[in-house]
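Examination of the molecular architecture
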Amino acid sequence: MSEIQNRYDFVLLFDVTDGNPNGDPDAGNMPRVDPQTGQGLVTDVCLKRKIRNYVTLAKELEPPYEIYVKEGSVLNETNRRAYQALDIEVKEKNQPREDVNQTREWMCRNFFDVRTFGAVMSTGVNCGQVRGPVQLTFSRSVEPILHLEHSITRMAVTTEAESKKQGGGNRTMGRKATIPYGLYVGHGFISPQLARQTGFSEEDLSLLWESLEHMFDHDRSAARGLMTVRGLYVFKHRSALGDAQAHQLFDRVQIQVEKQPARRFEDFAVRVNESDLPDGVELLKLV
C-alpha cells in the first residue's frame, strides 16, 4: 500500500430533516445543543461510528479492514489476538516494550479504525497507544436548532397480563425528539506524519472519502429522519507539513441563510472561494 505524502484539511456539510442527528444521553436523548448559541452539535464520536459501520459493510471485517471499536466487542480479548498471532506471552504487568511495539504494529496492520483514528490499547492486555492521523471536530449547525418533542403511542402489548389489564389493547405513551431541519458543518484533518506511523495508506484514504460520502445511506432509522451529506471540500497540500493554515482554508467555505425559516438545503447559499488559493494547495470537491 502506498504511503500518504500530503496533508489534508477538509470541510464536511450534512443536514437532517425531521430527525435527531445525535442524541444527548445527559438530556433525555434530546438533540445535542450549544446552550449559549442554540446551535446543534454532532460529536466526532458519532461520525466515527458511522464511518466504522460503513467500512464494516463495505469490507465485511476482512483484514486489513477489521474494526476494533464495535458493539459488543471485548477490547482486551481483541488485544490478546495480537499476542497470539505473534506467539508472544501475555504478562499481567511490565510487558516488555518490544512486545508492546510489535503488537501495536499488528493492530495497526489489521484494524482500519486503529490506523485511522488511533486507539488506547494499554488497558489490561497491553498493545500500547496509537495516535490516529485522521481527526474530526464536533459538527455545528449553521443556524440555531428548534427542539420538538412528539407524543407517540404504542398499540401492541408485551405480555398477556398486560393485555388483560388494558382490556386487550395498550395506549402507552412515549416521546420522540426531533429538529425540523439543521445544516451542520464539521472539519477534519489528516497528518501524513502520523499516517506513516500507523500505516494509513492512500487506499485507506480513498475508503475514508467513500465512507464520508455514503455513511448516512446505510444508517437510516426513524429516529434520525433524513440525513444527507451535502458537501465534502478537501484542501490538499503539496507538502507534508502543509502550505497554509487550516482555518484560513476553512474560511473559504461560506454559508449564508437566504430564506427564513430555513427548512431545506436550498434555503442556504454555499459559496466556496476558489480564487487565489495559497501556493501548493489544491481544492477537491468530492461531494
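Note that the coordinates shown come from a computational prediction; the quantities given were computed from them, not determined experimentally.

Concerning the packing of helix H1 (residues 44-59) against helix H7 (residues 202-214)
- The N-to-C vectors of H1 and H7 enclose an angle of 110°; their axes lie 9 Å apart at closest approach. It follows that H1 is roughly perpendicular to H7 by the angle criterion. The crossing of H1 and H7 is right-handed. On the side of H1, the interface is formed by Ile51, Tyr54, Val55 and Lys59, while H7 contributes Leu207, Leu208, Glu210, Ser211, Leu212 and His214.
- Of the residues contributing to the contact of H1 with H7, the split by class is six nonpolar, two polar and two charged.

Description of the pattern of salt bridges
- A complete count under the given rule lists 18 salt bridges for this structure.
- Asp219 serves as the salt-bridge partner of Lys50, at 2.6 Å between the closest nitrogen and oxygen. With Lys50 in helix H1 and Asp219 in the loop between H7 and strand E11 (226-237), this residue pair connects regions lying 169 residues apart in the sequence.
- Classification of Asp219 as buried rests on a relative accessible area of 14%.
- Its salt-bridge partner being Arg220, residue Asp217 comes within 3.3 Å of it at the nearest N-O pair.
- Exposure remark for Asp217: the relative accessible area of 40% places this residue in the partly exposed category.
- Several salt bridges converge on common partners, so that one network encompasses Lys50, Asp219 and Arg224.

The rules behind these values
Residues numbered from 1 in each chain as written. Predicted model: local features only at pLDDT ≥ 70, side-chain atom pairs only at ≥ 80, totals over all residues. Heavy atoms only, no water. Axes fitted to C-alpha atoms, helices over the stretch in contact; angles between N-to-C directions. Helix = DSSP H or I, 4+ residues; strand = E, 2+ residues; numbered from the N terminus. Parallel < 35°, antiparallel > 145°, perpendicular 65-115°, else oblique. Left-handed = near helix turned anticlockwise from the far one by under 90°. Contact = heavy atoms within 4.5 Å. Nonpolar A, V, L, I, M, F, W, Y, C, P; charged D, E, K, R; others polar. Salt bridge = Lys/Arg side-chain N within 4 Å of Asp/Glu carboxyl O. Buried < 20%, exposed > 50% of the residue type's maximum accessible area, 1.4 Å probe, protein only.

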